[in-house]
Amino acid sequence: MDFMELAEKRHSVRSYKSDPVEDEKLEKILQVARLAPTACNLQAFKIIVIRTKGREEELKQIYGRDWFVAPPYVLCICTLTEKCWVRRRDGKSYGDVDSAIVMDHIILASAEQGLGTCWIGAFDAGAAKRVLELDASMEPVAFTPLGYEKEDFAMRKTRKSMEELVVYK
């Protein structure tokens, strides 16, 4: 599958099976995330792999949807706030940018492996820090469930036209 096919295949999944994810698939996804570009290649992030079985109610404190905890894994990307590259001119930290790139690699690698994901940004950061026992140096940026899609159904939203999104100068 070429990259355009992969980008078209990927969609947000909100219905998961509890079927196990093969270790080889998870490892490949994590290897792809490790290779993601980051500012100055500092890799100022951590990927937290959370097994959901037996922790469903606890994890729903982070994001309260049943489908969030239905698959065998939830992944969390955290920025290591003190280790991020910072642009000198204005103090802009690239931690969130780097973490977003890592999450995008995870989501695309998962789609290539036939697994579903759904980027979650509307989570309770305080609950995430508490439930995952994160220290002050780790800032949770995004979550995704990871597992096999229950139904072959994609809630695809209409995409804007190229003319609406691209500006040539």
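How each quantity is defined
- Residues numbered from 1 in each chain as written.
- Predicted model: local features only at pLDDT ≥ 70, side-chain atom pairs only at ≥ 80, totals over all residues.
- Heavy atoms only, no water.
- Helix = DSSP H or I, 4+ residues; strand = E, 2+ residues; numbered from the N terminus.
- Buried < 20%, exposed > 50% of the residue type's maximum accessible area, 1.4 Å probe, protein only.
- Contact = heavy atoms within 4.5 Å.
- Areas by Shrake-Rupley, 256 points an atom, 1.4 Å probe, with all protein chains shown as cover.
- Lys, Arg positive; Asp, Glu negative; His and termini not counted.
- Charge placed at Lys NZ, Arg CZ, Asp CG, Glu CD.
- Expected span 1.5 Å × (residues − 1).
- Core = buried A, V, L, I, M, F, W, Y, C linked by side-chain atoms within 4.5 Å.
- Pairing = 2+ DSSP bridges.
- Axes fitted to C-alpha atoms, helices over the stretch in contact; angles between N-to-C directions.

Draft legend 1. Here's a closer look at the overall build of the chain. Scanning the chain from N- to C-terminus turns up 6 helices and 3 strands. Walking the chain from its N terminus toward its C terminus, one meets helices and strands in the order α-α-β-α-β-α-α-β-α. Principal-axis analysis of the C-alpha atoms places the extent of the chain at approximately 50 × 45 × 30 Å. For the chain, the proportion of its 169 residues judged to be buried stands at 40%. In the chain, 78% of the contacts between residues at least 6 apart in sequence involve partners at least 24 apart. When the accessible surface of the chain is summed, it comes to about 10,500 Å², and 50% of that surface belongs to carbon and sulfur atoms. Here the chain contributes 26 positive and 27 negative side-chain charges, whose respective centroids are spaced 4 Å apart.

Draft legend 2. Inspection of helix H4 (residues 95–112) at higher detail. Look at H4: 26 Å from first C-alpha to last across 18 residues, which is about the 26 Å you get at 1.5 Å a residue. Looking at H4, one finds that the buried residues are Gly95, Asp98, Ser99, Val102, Met103, Ile106, Ile107, Leu108, Ala109, Ser110 and Ala111.

Draft legend 3. Spotlight on the nonpolar core. Grouped together as the largest cluster of nonpolar side chains are 26 residues, with contacts concentrated most on Ile48, Ile50, Ile62, Phe68, Ile120, Leu132 and Phe143. Looking at this core, the elements that each hand over two or more residues are strand E1 (45–51), strand E2 (73–80), helix H5 (125–131) and strand E3 (138–146). The greatest single-element share of this core, amounting to 4 residues, is contributed by E2. In contact with Ile48, not counting residues within four places along its chain, are Val74, Leu75, Cys76, Cys78, Leu132, Leu134 and Met138. Ranked by size, the runner-up nonpolar core spans 18 residues in total, among them Leu26, Phe45, Ile106 and Leu146.

Draft legend 4. Highlighting the pairing of E3. Burial analysis of E3 places 7 of its 9 residues in the buried class, which makes it a mostly covered element. Alignment of E2 against E3, held across 8 bridges, turns out to be antiparallel. Looking at the pairing, Leu75 lines up with Thr144 of E3.

Draft legend 5. Examining the sheet that holds E1 more closely. Strand order in the open sheet formed by 3 strands is E1-E2-E3, with antiparallel pairing between adjacent strands. Bordering the open sheet on either side are E1 and E3, each of which pairs with just one other strand. Ignoring which end each strand starts from, the neighbouring axes of this sheet average 20 degrees apart. Note: E1 against E2, 7 bridges, orientation antiparallel.

Draft legend 6. Local environment of the environment of Pro145. Within the element layout of this structure, Pro145 appears in strand E3. Put simply, Pro145 and Ile29 are 116 residues apart on the chain and 13 Å apart in space, counted from C-alpha to C-alpha. Setting aside its immediate chain neighbours within four residues, Pro145 contacts Tyr16, Trp67, Phe68, Pro71, Tyr73, Val74, Gly116, Thr117, Cys118 and Ile120.

Such coordinate-based values are descriptive only and should not be taken to indicate function.
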